[in-house]
Amino acid sequence: MTMRQNKGGKILTDGNKQFWKRDVIPQALTDFNITLDAKYDQNPDLLSEDLYGTTKLEWLILQFNNIIDPWTEFRTGSIIRLMVKTRALEYL
């Protein structure tokens, strides 16, 4: 099995199969919770843009909250945990 680094995890290769092993992102005292309003329903990219000034961190929001399917798990009324901007930008 070979391995190569990827943002937010590692891609493992075993023969012809590839697997992505996600990194666990530790929580910090500066993290905070929000309740998703209708503007962000199924749109983590919009939340990423509004909070962090880039859509490139939508993956971080999803991974930090262990969300696999944003169409069913990133919905209005859901409570999610977020990082402050300075901490999140370290993942770019």
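Everything discussed here concerns the structure shown above.
All of these numbers come straight from a predicted model, not from anything done at the bench.

**Student:** Honestly, unusual backbone geometry in this entry has me stumped. Any pointers?
**Tutor:** Across residues other than glycine, the phi torsion is negative in most instances, and most of the peptide bonds are trans. Positive phi outside glycine occurs at Q42, with the angle close to 60°. By the element assignment, Q42 lies in the loop between β4 (32–35) and α1 (44–52). Here Q42 falls in the partly exposed class, since its relative accessible area comes to 28%. We note that N66 has phi near 55°; this positive angle belongs to a residue other than glycine. Structurally, the position occupied by N66 is in the loop between α2 (58–64) and α3 (70–73).

**Student:** Looking at this structure, how should I read the side chain of D41?
**Tutor:** Inspection of the secondary structure assignment puts D41 in the loop between β4 and α1. Separated by 2.8 Å, the side chain of D41 and the backbone nitrogen of T76 make a polar contact. Apart from the residues within four sequence positions on either side, D41 is in contact with F74, R75 and T76.

**Student:** I keep staring at the packing of aromatic side chains and nothing clicks. Help me out?
**Tutor:** Working definition: an aromatic ring pair is given by the centre-to-centre distance plus the angle between the planes. The final tally for this structure, using the stated rule, is one aromatic pair. Between W59 and Y91, the aromatic rings sit 6.3 Å apart at their centres with planes inclined by 75°, giving edge-to-face as the arrangement. Of this pair, W59 sits in helix α2 while Y91 is found in the segment after α4 (85–88), placing the two residues 32 residues apart along the sequence.

**Student:** It is not clear to me how the pattern of salt bridges should be interpreted in this structure. Could you clarify?
**Tutor:** Scanning the model with the defined rule gives three salt bridges in all. A salt bridge links K39 to D50, with the nearest nitrogen and oxygen atoms 2.8 Å apart. Taken together, the positions of K39 in the loop between β4 and α1 and D50 in helix α1 put the pair eleven residues apart, joining distant regions of the chain. On the basis of relative accessibility, which here comes to 47%, the residue K39 falls in the partly exposed class. Residues R75 and D41 are paired through a salt bridge, measuring 2.8 Å at the closest nitrogen-oxygen approach.

**Student:** Any chance you could explain the pairing of strand β5 (residues 79–82) here in plain terms?
**Tutor:** Put simply, side chains in a regular strand alternate between the two faces of the sheet. What you see with β5 is a clean split: I80 and L82 sit on the buried side and I79 and R81 on the side with no burial. With four bridges connecting them, β4 and β5 associate as antiparallel partners. Within β5, the residue paired with I34 across the bridge is I80.

Rules used in this analysis
Residues numbered from 1 in each chain as written. Predicted model: local features only at pLDDT ≥ 70, side-chain atom pairs only at ≥ 80, totals over all residues. Heavy atoms only, no water. Helix = DSSP H or I, 4+ residues; strand = E, 2+ residues; numbered from the N terminus. Buried < 20%, exposed > 50% of the residue type's maximum accessible area, 1.4 Å probe, protein only. Polar contact = N/O pair within 3.5 Å; in protein donor to acceptor, adjacent residues only side chain to side chain. Contact = heavy atoms within 4.5 Å. Phe/Tyr/Trp six-rings, centres within 6.5 Å; stacked < 30°, edge-to-face > 60°. Salt bridge = Lys/Arg side-chain N within 4 Å of Asp/Glu carboxyl O. Pairing = 2+ DSSP bridges.

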